[in-house]
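Report on the structure
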Amino acid sequence: MNPSMKAAMPGTPVPVAHPWQDDLLAARAGDCLALERVLTRSRQDLRRYAEHHCVVNDVEDAVQESLFTASRKLADLRQLESFTSWLFRIVKRECNRMKRGWRQLRQEPLTEDIAGPCAQAPAGLASDLAAALESLPAHYREIILLRDVQGLTIGELADALGLTREASKARLHRARALAREYLQD
């Protein structure tokens, strides 16, 4: 029986398996044929997504580069369940990289939506955010830092904090709401 199909113990959350779980696991382990199947299945969805985020002439290039990046970095993906969203983030980054390249070539100013990770935050935003985090109780500050800075998944948060997944989601929601409330004042 497939390990992802085993019945969970009562009270234990059942992980949602990716539809191509077996191929993803095999591709991650180095199976070239499984990798080819996964990338072939992903290609059309990536292309559709890229059509909304890329300049028309860059769609195919962005998809190709994204598939190449995914094939090289699949072993680094911590949660196979997030494979699809991970691919979409890669293609969106690639589209933005291409837009930045064209704008720099034409010596046009870079807009905030494609400025990249090195773009400066608006003046005072960093200090406002730091103050908002500092104003939170320790347990709320901790969950925001674990999720939004360290990038832990909800399951990893639950394990790290000794909570259920539902309690982790609720605490994270409440912490973000308090931070938003602070920033709006």
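Scope of this entry: the structure provided in the associated data block.

1. A short note on the overall build of the protein
The helix and strand tally for the protein stands at eight helices and zero strands. Reading the helices (α) and strands (β) of the protein from amino to carboxyl end gives α-α-α-α-α-α-α-α. The proportion of buried residues among the 185 residues of the protein is 30%. Contacts in the protein between residues far apart in sequence, at least 24 positions, make up 54% of those at least 6 positions apart. Summed over all atoms, the accessible surface of the protein reaches about 12300 Å², with 55% contributed by carbon and sulfur.

2. Notes on the state of the cysteines
Here the structure, examined in full by the defined rule, presents one disulfide. With a sulfur-sulfur separation of 1.8 Å, Cys54 is cross-linked through a disulfide to Cys95. The S-S bond linking Cys54 to Cys95 shows a torsion near -85 degrees; that makes this disulfide left-handed. With Cys54 in the loop between helix H2 (32–53) and helix H3 (59–73) and Cys95 in helix H4 (residues 83–105), this pair connects stretches of sequence that are 41 residues apart. Accessibility assignment for this pair places Cys54 and Cys95 in one class, buried.

3. Details of helix H7 (residues 154–161)
Listing the buried residues of H7 in full gives Ile154, Gly155, Leu157, Ala158 and Leu161. Burial along H7 is one-sided: seen end-on, the buried residues are contained in an arc of 160 degrees. Exposed residues lying more than 90 degrees from the buried face of H7 are Asp159 and Ala160. Those residues of H7 hidden inside the fold are in contact with helix H6 (138–149) and helix H8 (165–184).

4. Let's talk about the environment of Leu129
In this structure, Leu129 sits in helix H5 (residues 125–135). Among the residues examined, Leu129 registers a relative accessible area of 41% and is labelled partly exposed. When the C-alpha positions of Leu129 and Arg180 are compared, they lie 9.5 Å apart, and in sequence the two are 51 residues distant.

5. Quick word on the nonpolar core
Among the nonpolar cores identified, the biggest contains 24 residues, and Ala50, Leu74, Phe83 and Trp86 are the most heavily contacted of them. Of all the elements, H4 adds the most residues to this core, at seven residues. In this structure Trp86 touches Ala70, Lys73, Leu74 and Leu77, once residues within four positions along its chain are discounted.

6. With respect to a nonpolar patch on the surface
Together, Leu129, Tyr182 and Leu183 make up a nonpolar patch on the protein surface, roughly 260 Å² of accessible area in all. Inspection of the secondary structure assignment puts Tyr182 in helix H8.

7. As for the pattern of salt bridges
One pass over the full model with this rule turns up eight salt bridges. Asp45 is the partner of Arg48 in a salt bridge, and the nearest nitrogen-oxygen pair spans 3.0 Å. Note that Arg48 and Asp45 are positioned in helix H2 at a spacing of three residues, about one turn of the helix. Overall, the relative accessible area of 43% leaves Arg48 in the partly exposed class. According to the relative accessible area criterion, Asp45 is partly exposed, its value standing at 31%. Between Arg47 and Glu51 there is a salt bridge; the shortest N-O distance is 4.0 Å. Highlighted residues: Arg47 and Glu51, both in helix H2, separated by four residues, approximately one helical turn. Ionic contacts of the salt-bridge type, sharing partners, join the residues Arg43, Arg47, Glu51 and Glu60 into one network.

Reading the values: the criteria
Residues numbered from 1 in each chain as written. Predicted model: local features only at pLDDT ≥ 70, side-chain atom pairs only at ≥ 80, totals over all residues. Heavy atoms only, no water. Helix = DSSP H or I, 4+ residues; strand = E, 2+ residues; numbered from the N terminus. Buried < 20%, exposed > 50% of the residue type's maximum accessible area, 1.4 Å probe, protein only. Contact = heavy atoms within 4.5 Å. Areas by Shrake-Rupley, 256 points an atom, 1.4 Å probe, with all protein chains shown as cover. Disulfide = S-S within 2.5 Å. Arc of directions from axis to C-beta. Core = buried A, V, L, I, M, F, W, Y, C linked by side-chain atoms within 4.5 Å. Patch = residues over 30% accessible without salt bridge, like charges linked within 9 Å, V, L, I, M, F, W, Y side chains within 5 Å. Salt bridge = Lys/Arg side-chain N within 4 Å of Asp/Glu carboxyl O.

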